[in-house]
Amino acid sequence: IVFALLVSVGAVLFFLLGFVMDVLELRHMLSFTLAIIVGFFCVWSVTPALHTPLMSVTNAISGIVIVGSMIQLDRCVACPSSVCGELGILLASFNIGGGFTITTRMLQMFRAK
C-alpha cells in the first residue's frame, strides 16, 4: 500500500511539474526518476553474499551517473535539471566512496595474517 501511495504522489508531482518545466527537462526528470526506481529494486533484490561483488559494478555505474549528471548541469543554478544534476553528482560520489570503503574492508578480511 505504501508503494502504491508513493507512485500516486509521484504521478501527481510529475503532472504538476509539467506546468513549470519544458518538455525536455521533464523527460530528463522522468529518466532520472525511473533510474532511481530501477536501481533501488535491482540492488535490494540481491542476496547479501553477492553484495560486495555488486559494489564494484555499482562503482562503475556511479561513474557513469556522475558523467550524466555533469551533462545535466547548466548555467542556471536553480533550474530543476541542474539541481538534479548536482544531487546526482553528490549521491553518486557518496556511493563510490562507500563502495571503495566496503571493498577494502572485504579484501582485508581475506588477507593472510
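Here goes a summary of the coordinates provided. (Residues numbered from 1 in each chain as written. Predicted model: local features only at pLDDT ≥ 70, side-chain atom pairs only at ≥ 80, totals over all residues. Heavy atoms only, no water.)

1. What about the packing of helix H2 (residues 23–44) against helix H4 (residues 80–109)?
Step number 1: Two elements in contact, H2 and H4, have axes separated by 10 Å at closest approach and are oriented at 25 degrees. Between H2 and H4, the interaxial angle falls into the category roughly parallel. Like other packed secondary-structure pairs, H2 and H4 cross with a definite hand, here left-handed. For the pair H2 and H4, the contacting residues are Glu25, Met29 and Phe32 in the first and Pro80, Ser81 and Cys84 in the second.
Step number 2: Of the residues in the contact of H2 with H4, the class split is 4 nonpolar, 1 polar and 1 charged. (Axes fitted to C-alpha atoms, helices over the stretch in contact; angles between N-to-C directions. Helix = DSSP H or I, 4+ residues; strand = E, 2+ residues; numbered from the N terminus. Parallel < 35°, antiparallel > 145°, perpendicular 65-115°, else oblique. Left-handed = near helix turned anticlockwise from the far one by under 90°. Contact = heavy atoms within 4.5 Å. Nonpolar A, V, L, I, M, F, W, Y, C, P; charged D, E, K, R; others polar.)

2. Some details on the side chain of Ser82
Step number 1: Of note, Ser82 is situated in helix H4.
Step number 2: Of the residues examined, Ser82 reaches a relative accessible area of 1% and is grouped as buried.
Step number 3: With residues near it in sequence (within four places) discarded, Ser82 still touches Gln72, Leu73, Asp74, Cys76 and Val77. (Buried < 20%, exposed > 50% of the residue type's maximum accessible area, 1.4 Å probe, protein only.)

3. Comments concerning the environment of Met29
Step number 1: Considering the arrangement of structural elements, one finds Met29 in helix H2.
Step number 2: Classification of Met29 by relative accessible area gives buried; the value is 13%.
Step number 3: Leave out the neighbours within four places in its chain, and Met29 touches Phe14, Leu17, Met21, Pro80 and Cys84.

4. Quick word on a nonpolar patch on the surface
Step number 1: A cluster of nonpolar residues, Phe3, Val7, Leu30, Leu34, Ile37, Phe40, Phe41, Val43 and Trp44, forms a patch on the protein surface that exposes about 910 Å² of accessible area.
Step number 2: Broken down by element, the nonpolar patch gets its largest block of residues, 7 residues, from H2.
Step number 3: The topology assignment puts Val43 in helix H2.
Step number 4: According to the relative accessible area criterion, Val43 is partly exposed, its value standing at 34%. (Patch = residues over 30% accessible without salt bridge, like charges linked within 9 Å, V, L, I, M, F, W, Y side chains within 5 Å. Areas by Shrake-Rupley, 256 points an atom, 1.4 Å probe, with all protein chains shown as cover. Salt bridge = Lys/Arg side-chain N within 4 Å of Asp/Glu carboxyl O.)

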